[in-house]
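Observations on the model geometry
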Amino acid sequence: SLLFAAPLLALAQGTLDPTFGDGGISVVHIGGSESRPTSITVEPDGRILLTGRIGEFMTAPVPAVVRLLPDGPLDSAFAVDGKAIGPVSGEYREYL
């Protein structure tokens with residue numbers, strides 16, 4: 001499944017910022033056949049946190065936290081290659 005993110009601040013004309021991701025959109029593959037994004041937060045340093053739930057058809061969803069760099073790619077310094085998926089504990093639990 002996919003979790004989509006776009007910058008919260010578009011250009012003045014209302015168009016996507018072409019310097020973010022691929023033409024203003026970042027697509028993150030997080031696994032599972034179903035995903036439900038629940039929140040997006042821009043941290044003071046510009047990194048972007050996405051939270052949601054992922055799962056397979058007819059199974060209980062699990063939480064997911066993803067962090068992007070200000071220009072759109074995954075932040076590899078966060079969790080495992082930018083993604084915390086499954087039962088989330090410890091320092092990543094605060095993002096849910």
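Residues numbered from 1 in each chain as written. Predicted model: local features only at pLDDT ≥ 70, side-chain atom pairs only at ≥ 80, totals over all residues. Heavy atoms only, no water.

1. Digging into the sheet that holds strand S4 (residues 48–55)
Strand order in the open sheet formed by four strands is S3-S4-S5-S6, and the pairing between neighbours is antiparallel. Looking at the sheet topology across the chains shown, the edges are occupied by strand S3 (34–42) and strand S6 (83–85). Adjacent strand axes in the sheet meet at a mean angle of 15°, parallel and antiparallel pairs treated alike. Of the strand pairs in this sheet, S3 and S4 are connected by eight bridges, and their pairing is antiparallel. Across the sheet, Ile40 pairs through a bridge with Leu50, a residue of S4. (Pairing = 2+ DSSP bridges. Helix = DSSP H or I, 4+ residues; strand = E, 2+ residues; numbered from the N terminus. Axes fitted to C-alpha atoms, helices over the stretch in contact; angles between N-to-C directions.)

2. Some points on the confidence of the model for the protein chain
Of the residues in the protein chain, 77% reach a pLDDT of 70 or more, and the chain-wide mean stands at 78. Averaged pLDDT values over the elements of the protein chain bottom out at 49 in strand S1 (residues 2–5) and peak at 89 in strand S5 (residues 62–68). (pLDDT = per-residue confidence, 0-100.)

3. With respect to the nonpolar core
Core analysis: the biggest nonpolar cluster contains nine residues, these being Phe20, Val28, Ile30, Ile48, Leu50, Ile54, Ala64, Val66 and Leu68. Contributions of two or more residues to this core are made by S4 and S5. (Core = buried A, V, L, I, M, F, W, Y, C linked by side-chain atoms within 4.5 Å. Buried < 20%, exposed > 50% of the residue type's maximum accessible area, 1.4 Å probe, protein only.)

4. What to know about the pattern of salt bridges
Summed over all chains, the structure comprises five salt bridges. Close ionic contact of Arg67 with Glu43 constitutes a salt bridge, the shortest N to O distance being 3.9 Å. With Arg67 in strand S5 and Glu43 in the loop between S3 and S4, this residue pair connects regions lying 24 residues apart in the sequence. Taken individually, Arg67 and Glu43 each receive the classification buried, so the pair is uniform in this respect. Among the ionic pairs, Arg67 bridges to Asp75, the shortest N-O distance being 2.8 Å. (Salt bridge = Lys/Arg side-chain N within 4 Å of Asp/Glu carboxyl O.)

5. Notes on a nonpolar patch on the surface
Together, Leu16, Ile25 and Val27 give the surface a local cluster of nonpolar side chains, amounting to about 220 Å² of exposed area. Among the secondary structure elements, Leu16 is positioned in the loop between S1 and strand S2 (26–29). Accessibility expressed as a relative area gives 38% for Leu16, which makes it partly exposed. (Patch = residues over 30% accessible without salt bridge, like charges linked within 9 Å, V, L, I, M, F, W, Y side chains within 5 Å. Areas by Shrake-Rupley, 256 points an atom, 1.4 Å probe, with all protein chains shown as cover.)

6. Concerning the pairing of S5
Among the seven residues that make up S5, six are buried, leaving the element largely enclosed by the rest of the structure. Relative to S5, S4 is paired through seven bridges, and the arrangement is antiparallel. Along S5, the bridge assignment pairs Ile48 with Leu68. Between the antiparallel neighbours S4 and S5 lie six residues, among them Met58 with a positive phi of about 70°. As paired elements, S5 and S6 share three bridges and run antiparallel to each other. From the neighbouring strand, Ala64 faces S6, where its bridge partner is Ile85.

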